[in-house]
Every structure is written in structure tokens, then in C-alpha cells.
Amino acid sequence: DTEVTQTPKHLVMGMTNKKSLKCEQHMGHRAMYWYKQKAKKPPELMFVYSYEKLSINESVPSRFSPECPNSSLLNLHLHALQPEDSALYLCASSRGGGRGREGEQFFGPGTRLTVL
Amino acid sequence: KQEVTQIPAALSVPEGENLVLNCSFTDSAIYNLQWFRQDPGKGLTSLLLIQSSQREQTSGRLNASLDKSSGRSTLYIAASQPGDSATYLCAVSSGYSTLTFGKGTMLLVSP
């Protein structure tokens, strides 16, 4: 199983709502990632969890709050978002984070988020 | 800071043509280079991973090469098909858990 799953596929929320994005993988990977992708742009790294600990936070606003409940699950909690936060949110995982196959990243299908 | 450039930004070819997509990077001290495919509104599909010690990787009609010293990689697609139409992204890993992406090449293969 080389699949990363994400739910929901689409999400529309108001600026005062609280919602969560979910990501799951069953490949035994120990590193998981959140990326944000705007239209016609490459993905931008937001957070990295390594062995269930937050290892990289790319200066993301506090209205985005990541959580890694266990080695297979990654959540992104959303609160008080702005319309400019509308984007495709991608989750990825890798065996580890180093060289070679350890660092190969596998991506989920994404959640299309619209903030009204 | 690593920078990744992909040329061309867009490419339109008739079905059956062989084609080459180019990727260049500024810092040759890399861990890996990955080529991805992305269909509109979808996630990224990993096509090929080239480790820093390797020169090329092949998967079916795809062949990717890596010249670390010159900071270049190419993705060769043989006998292109309409189903190959997508955006192709090159990404370089220069450190633990980090990928730097190029802006992609949008490929259109017409029947």
C-alpha cells in the first residue's frame, strides 16, 4: 500500500469557522508533511513531523495548527482563516527524511479549501 | 538557498513525439532529486527518484538523468501519449525532510 489519503476532498468554510483536515498513511512512514499549493504555483512546505514530533514549522500563521496523534495520522486544524488561505492543501509522507529512498515523498490527493 | 528552475514552462507536442523536460538547481549538495506529475486539481504522483549517487533512473517510457556537478536533471518521455498531459514538477532535497520545487512544465500532448 503506497497510498496517502486525505479527507475531505473539498471544504468550504467561513472566516469564523473551525475545521480540520485529515491525512492518513499505512506505509510505516515516520515523517509526514503539510504543503500549501496555490493555483499554478509549486507546493510550499508548511510543517514537517518526524517521529510524531514537529521538526519544521515554516513560519506559518497560528491560525493553522498541526497535530500528529500517532505515526499514521496527521491533522491540520484551521481557525479564523482568511480568503487568501484558499488553496489546495497537500499531505505527504516519507520513510524518514534523509538520503535515498528514506527521503522519497509520497503525496495524497489534497483537500481543496475555499474560505469565504 | 537552493533554487530550482524548470524549462520550458509549457510544451505542446503531437502524440508520438519523444520529449525532454529540463530542471536545473543552484546547490549541487543534494540528497535526492524527484520528478512528479500533477494533473489539474490533483495531488502529486512520484514518477522517479534519483539519489545523489546515481546518474539515471528509468520507469517504463520515462528516463531521468542527473548531473550533480552541473546542477542539471532531464526527464525524457518516449513516444508521448495524450494521457501524459499534465504538469511535471522537479524537486530537489538538499537537507533532512526538505524539498525545493521548480515551477513545473505544463505538457500538452495532442492526439
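Residues numbered from 1 in each chain as written. Chains lettered and ligands numbered in written order. Predicted model: local features only at pLDDT ≥ 70, side-chain atom pairs only at ≥ 80, totals over all residues. Heavy atoms only, no water.

Peer 1: What is the right way to look at the packing of aromatic side chains in this model?
Peer 2: What characterises a pair of aromatic rings is the spacing of the ring centres plus the angle enclosed by the ring planes. The full count for this structure, using the stated rule, is 7 aromatic pairs over all chains. Taken together, a centroid distance of 5.8 Å and an interplanar angle of 35 degrees make the contact between Phe36 of chain B and Phe101 of chain B tilted. With Phe36 of chain B in strand β4 (residues 32-38) and Phe101 of chain B in strand β10 (residues 98-101), the pair connects residues that are 65 residues apart, well separated along the chain. The residues Phe36 of chain B and Phe101 of chain B share a single accessibility class, namely buried. Taken together, the ring pairs connect Tyr33, Tyr35 and Phe107 of chain A together with Phe36 and Phe101 of chain B into an aromatic cluster. (Phe/Tyr/Trp six-rings, centres within 6.5 Å; stacked < 30°, edge-to-face > 60°. Helix = DSSP H or I, 4+ residues; strand = E, 2+ residues; numbered from the N terminus. Buried < 20%, exposed > 50% of the residue type's maximum accessible area, 1.4 Å probe, protein only.)

Peer 1: In this structure, what is going on with the sheet that holds strand β7 (residues 64-70) of chain A? I would like to understand it.
Peer 2: Pairing between the strands of a sheet comes from backbone hydrogen bonds, and it takes one of two forms, parallel or antiparallel. Residue and element names in this part refer to chain A. The 4 strands are arranged β1-β3-β8-β7 in an open sheet whose pairing can be described as antiparallel. What marks the edges here is a single partner per strand, and that holds for β1 (4-7) and β7. The sheet shows a mean angle of 20 degrees between the axes of neighbouring strands, taken without regard to direction. Across 7 bridges, the pairing between strand β3 (residues 18-25) and strand β8 (residues 73-79) is antiparallel. Its bridge partner lying in β8, Lys18 is registered against His79. (Pairing = 2+ DSSP bridges. Axes fitted to C-alpha atoms, helices over the stretch in contact; angles between N-to-C directions.)

Peer 1: Would you take a moment to explain the sheet that holds strand β3 (residues 19-25) of chain B for this structure?
Peer 2: Residues and elements named next belong to chain B. Taken together, the 5 strands give an open sheet; going across it, the order is β1-β3-β8-β7-β6, and neighbouring strands pair in antiparallel fashion. With one partner strand each, in any of the chains shown, β1 (4-7) and β6 (56-59) form the two edges of the open sheet. Each adjacent strand pair in this sheet contributes to an overall mean axis angle of 15 degrees, direction not counted.

Peer 1: Where do I start with the interface of chain A and chain B in this structure?
Peer 2: Frequently, the measure chosen for interface size is the accessible area that the parts lose on association. With 25 residues of chain A at the interface, the matching set in chain B holds 25 residues. Together chain A and chain B conceal approximately 1,900 Å² of surface at their shared face, both sides included; 54% is due to carbon and sulfur atoms. If you look at where chain A meets chain B, you find 0 salt bridges. Our count for the chain A to chain B interface comes out at 5 residue pairs in polar contact (both at pLDDT 80 or more). Put simply, the parts of the chain that give the side of chain A that touches chain B at least two residues each are β4 (31-37), β5 (44-50) and β9 (87-94) of chain A. In terms of residue class, the side of chain A that touches chain B is built from 11 nonpolar, 9 polar and 5 charged. (Contact = heavy atoms within 4.5 Å. Buried area = accessible area lost by both parts, 1.4 Å probe. Salt bridge = Lys/Arg side-chain N within 4 Å of Asp/Glu carboxyl O. Polar contact = N/O pair within 3.5 Å; in protein donor to acceptor, adjacent residues only side chain to side chain. Nonpolar A, V, L, I, M, F, W, Y, C, P; charged D, E, K, R; others polar.)

Peer 1: Looking at this structure, I do not really get the pairing of strand β11 (residues 111-115) of chain A. What am I missing?
Peer 2: All names here are of chain A. Residues Thr111, Leu113 and Val115 of β11 are buried on one face, while the alternating residues Arg112 and Thr114, pointing to the opposite face, are not. Bridging between strand β2 (residues 10-13) and β11 involves 4 bridges; their strand directions are parallel. Looking at the pairing, Met13 lines up with Val115 of β11. Relative to β11, β9 is paired through 3 bridges, and the arrangement is antiparallel. Bridge pairing in β11 places Tyr89 opposite Thr111.

Interpretation in functional terms is not warranted from these geometric data alone.
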